[in-house]
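Chain by chain, the residues run as shown.
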Amino acid sequence: MTIIRKMGDSDIDSIMDIWFQSTVDAHPFIDLHYWEKSYEVVKREYLPQSKTLVFEEGGVIKGFISLIEEAFIGALFILPRYQHQGIGKKLLEAVFRHQSELTLAVYEESKNAVLFYKKMGFQIIDRQLNVDSGKAEYIMKKKGLNVVNPKS
């Protein structure tokens, strides 16, 4: 059975495992030490402040998406062995149903991620330097989404 649901407290270790594996895999241009240093910050500060949805299939959490202030995608990660199976698309679509506008930041060197977001309707609106990593990133936005009233 496949479900997309809100993250629960008991999901944190699975989420962090997905975050670490996927982050290291997707960002070979950033030193591993940077991600190791970031681990506790993501776990203790970032995740508790975010609205996170998980993609669970057969009792296994395969990916997640986190929103900051309802409109900024702070994370979209799928375990590497489950990538290219439409999970990221399904997570984005779940968020799209309730948001009229979404923004995200993605490293310029993450060519596959940039292409994925473009395919999902995002456009590059700006370029900036990520202060923490020192790497260039794009700011991407998608507007005019079909919002469903969650009460209907």
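Residues numbered from 1 in each chain as written. Predicted model: local features only at pLDDT ≥ 70, side-chain atom pairs only at ≥ 80, totals over all residues. Heavy atoms only, no water.

Asker: Looking at this structure, I do not really get the nonpolar core. What am I missing?
Answerer: The nonpolar side chains of a soluble globular protein tend to be buried with one another. In this structure, Phe 64, Ile 65, Ile 73, Leu 91, Leu 92, Tyr 117 and Phe 122 are the most contacted members of the largest nonpolar core, which totals 41 residues. Among the elements that make up this core, the one with the highest residue count is helix H3 (residues 87-96) (6 residues). (Core = buried A, V, L, I, M, F, W, Y, C linked by side-chain atoms within 4.5 Å. Buried < 20%, exposed > 50% of the residue type's maximum accessible area, 1.4 Å probe, protein only. Helix = DSSP H or I, 4+ residues; strand = E, 2+ residues; numbered from the N terminus.)

Asker: Is there a simple way to explain the layout of surface pockets in this structure?
Answerer: In this approach, a probe sized like a water molecule rolls over the atoms, and the result shows the empty space that is left. By volume, the largest pocket is sized at about 1,600 Å³. His 27, Ala 75, Leu 76, Phe 77 and Tyr 117 are, among the 47 residues lining the largest pocket, the residues nearest its centre. Contributing elements (two or more residues each) for the lining of the largest pocket: helix H1 (12-26), helix H2 (32-49), strand E4 (72-78), H3, strand E5 (101-107) and helix H4 (111-119). Residue contributions to the lining of the largest pocket peak at 9 residues, all from H2. For the lining of the largest pocket, the per-class residue count stands at 26 nonpolar, 13 polar and 8 charged. (1 Å grid on protein atoms, 1.4 Å probe; cavity = no way out; pocket = protein on both sides within 12 Å on 5 of 7 lines; lining within 4 Å. Points joined across faces, edges and corners; volume = space filled by probe spheres on them. Nonpolar A, V, L, I, M, F, W, Y, C, P; charged D, E, K, R; others polar.)

Asker: Help me understand the pairing of strand E6 (residues 123-129), please; the structure alone is not making it clear to me.
Answerer: Regular strands have side chains that alternate between both faces of the sheet. In this structure, E6 lies alongside strand E7 (residues 136-143), joined through 6 bridges in antiparallel fashion. In the strand pairing of E7, Gln 128 is matched with Glu 137. (Pairing = 2+ DSSP bridges.)

Asker: Can you walk me through the confidence of the model for the protein chain in this structure?
Answerer: Detail in the predicted coordinates should be disregarded across regions flagged by low pLDDT. Per-chain confidence: the protein chain averages 92 in pLDDT, with 94% of residues scoring 70 or above. No element of the protein chain has a lower mean pLDDT than H2, at 93, and none a higher one than strand E2 (residues 51-57), at 97. (pLDDT = per-residue confidence, 0-100.)

Asker: Explain the sheet that holds E2 here, please?
Answerer: Backbone-to-backbone hydrogen bonds join strands into a sheet, with any given pair of strands oriented parallel or antiparallel. As summarised here, the arrangement of the 7 strands in space is E1-E2-E3-E4-E5-E7-E6, forming an open sheet in which the pairing is mixed. Edge positions in the open sheet fall to strand E1 (2-6) and E6, since each of these has one partner strand only. When strand polarity is set aside, the average angle formed by the axes of neighbouring strands in this sheet is 25°. Across the sheet, H1 is in contact with E2, strand E3 (60-68) and E4; its angle to E3 comes to roughly 85°. Contacts between H4 and the sheet are confined to E4, E5, E6 and E7, with E5 contributing the most and set at about 165° to the helix. (Axes fitted to C-alpha atoms, helices over the stretch in contact; angles between N-to-C directions. Contact = heavy atoms within 4.5 Å.)

Asker: Looking at this structure, how should I read the side chain of Lys 62?
Answerer: Checked against the element boundaries, Lys 62 lands in strand E3. Within the structure, the side chain of Lys 62 is placed 2.5 Å from the side chain of Glu 57, a separation counted as a polar contact. In contact with Lys 62, other than residues within four places in its own chain, are Ile 18, Phe 55, Glu 57, Phe 77, Ile 78, Leu 79, Tyr 82 and Ile 87. (Polar contact = N/O pair within 3.5 Å; in protein donor to acceptor, adjacent residues only side chain to side chain.)

Asker: Please clarify how the side chain of Lys 142 should be interpreted in this entry.
Answerer: Here Lys 142 is to be found in strand E7. Only 2.8 Å separates the side chain of Lys 142 from the backbone oxygen of Met 120, close enough to count as a polar contact. Look past the residues within four positions of Lys 142 in its chain and what remains in contact with it is Phe 96, Ser 100, Glu 101, Leu 102, Met 120, Gly 121 and Phe 122.

Asker: Teacher, can you tell me more about H1 here?
Answerer: The α-helix winds at 3.6 residues per turn, so residues separated by three or four positions along the chain end up facing the same way. Under the 1.5 Å per step criterion, the end-to-end length of H1 is 20 Å for 15 residues, consistent within 8% with the ideal 21 Å. Where H1 is buried, its residues meet H2, E2, E3 and E4. (Expected span 1.5 Å × (residues − 1).)

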